[in-house]
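# Coordinate analysis (summary)
These are the residues of each chain, in order.
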Amino acid sequence: MAAYDDRDGFIWMDGKLVEWRSANVHILTHALHYASSVFEGERCYNGKIFKGHEHSLRLLESGRLLDMPIPYSADEIDAAKEEVLKANGLTDAYVRAVAFRGAGDEMGVASLGNPVRLAIACWSWGAYYGDAKMKGAKLDIAKWKRPSPETIPTAAKAAGLYMICTMSKHAAMAKGCSDALFYDFRGYVAEATGANIFFVKDGEVHTPNPDCILNGITRQTVIGMLKDMQIKVHERHILPEELATFEQCWLTGTAAEVTPVGQIGDHMFQVGDLTRRVATEYERLVRA
């Protein structure tokens, strides 16, 4: 597969389509130096972006939380996503919208004089965890912790929040794992590097309270599905020692969709009936 900067196609940038290889920014772009960037990952199924408007709204909220007002409405962002999908001839694709502080009059930490830019790309992207959808992903336990909301706006899907995700996933892959599980700053179970996490015990579902992690759109969708199935869901703080008591586990995220987990550290999980049912129902819902 070609590198992401060397492909045919088009990327939407600041209101117009640009040839893929020409979609560039200056080296003194503020976001490159100070992480003044927020983004969204979305999937398009059969020509329709799943929860696309909700993603556009969250992008705007992330920009607001970073004091970085994005100069487009949610409807305009929706239209731009449709435009870039059409230009690339894709009906099943991953869509990446990214808003960032560009190059401008300022190059210090403050950047109110620099423009906020928006770009949207799309490409074909298969299963995020490869064959883990069948046998279950294997997770390492990260040495880093998800930060307190008093230190950073954890409700934003901000690029800076993913630095420790990259480091933790690299460490996990070096151990033969698919991903890593974070604890939060208090020591509770939090999330994986790019996905929320769910556990099953005695027919009921437990998932971390999203008080310092992103309350994922896929997470919210799956909780709604479980409630429709009349399955009790507990959103709560989960202690690391509880991992040994759970029977099943899965991850949720736009890229991950619903991916079973077979192992976290020394703890083993079944790819059980409820996990498979949730994955199947989610697949049906996104393609409905």
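Preceding this section is the structure that the text describes.
Glancing now at the side chain of Asp140. Structurally, Asp140 is set in strand β7 (residues 137-146). By relative accessible area, which is 12% here, Asp140 ends up buried. There is a polar contact of 3.2 Å between the side chain of Asp140 and the side chain of Lys175. Apart from residues no more than four positions distant in its own chain, Asp140 is found in contact with Ala171, Ala172, Lys175, Cys177, Asp179, Ala180 and Leu181.

Right, let's get into the packing of helix α2 (residues 52-65) against helix α3 (residues 74-87). Look at α2 against α3: their axes get within 9 Å of each other, and the N-to-C directions meet at 125°. In terms of orientation, α2 lies oblique with respect to α3. At the point where α2 passes α3, the crossing takes the right-handed sense. When α2 is examined against α3, the residues Gly52, His53, His55, Ser56, Leu57, Leu59 and Leu60 are found in contact with a partner set consisting of Ala74, Asp75, Ile77, Asp78 and Lys81. The class makeup of the residues in the contact of α2 with α3 is five nonpolar, four polar and three charged.

We now examine the pairing of strand β10 (residues 196-201). Taken across its six residues, β10 has five buried, putting it largely inside the fold. In this sheet, strand β13 (residues 248-253) lies alongside β10 in antiparallel orientation, the contact comprising five bridges. Residue pairing in the sheet places Ile197 in a bridge with Leu251 of β13. Where β10 lies against strand β11 (residues 204-208), three bridges are found, and the strand directions are antiparallel. What sits directly across from Lys201, in β11, is Glu204.

Cut-offs applied
Residues numbered from 1 in each chain as written. Predicted model: local features only at pLDDT ≥ 70, side-chain atom pairs only at ≥ 80, totals over all residues. Heavy atoms only, no water. Helix = DSSP H or I, 4+ residues; strand = E, 2+ residues; numbered from the N terminus. Buried < 20%, exposed > 50% of the residue type's maximum accessible area, 1.4 Å probe, protein only. Polar contact = N/O pair within 3.5 Å; in protein donor to acceptor, adjacent residues only side chain to side chain. Contact = heavy atoms within 4.5 Å. Axes fitted to C-alpha atoms, helices over the stretch in contact; angles between N-to-C directions. Parallel < 35°, antiparallel > 145°, perpendicular 65-115°, else oblique. Left-handed = near helix turned anticlockwise from the far one by under 90°. Nonpolar A, V, L, I, M, F, W, Y, C, P; charged D, E, K, R; others polar. Pairing = 2+ DSSP bridges.

Function cannot be inferred from these measures alone, as they are strictly geometric.
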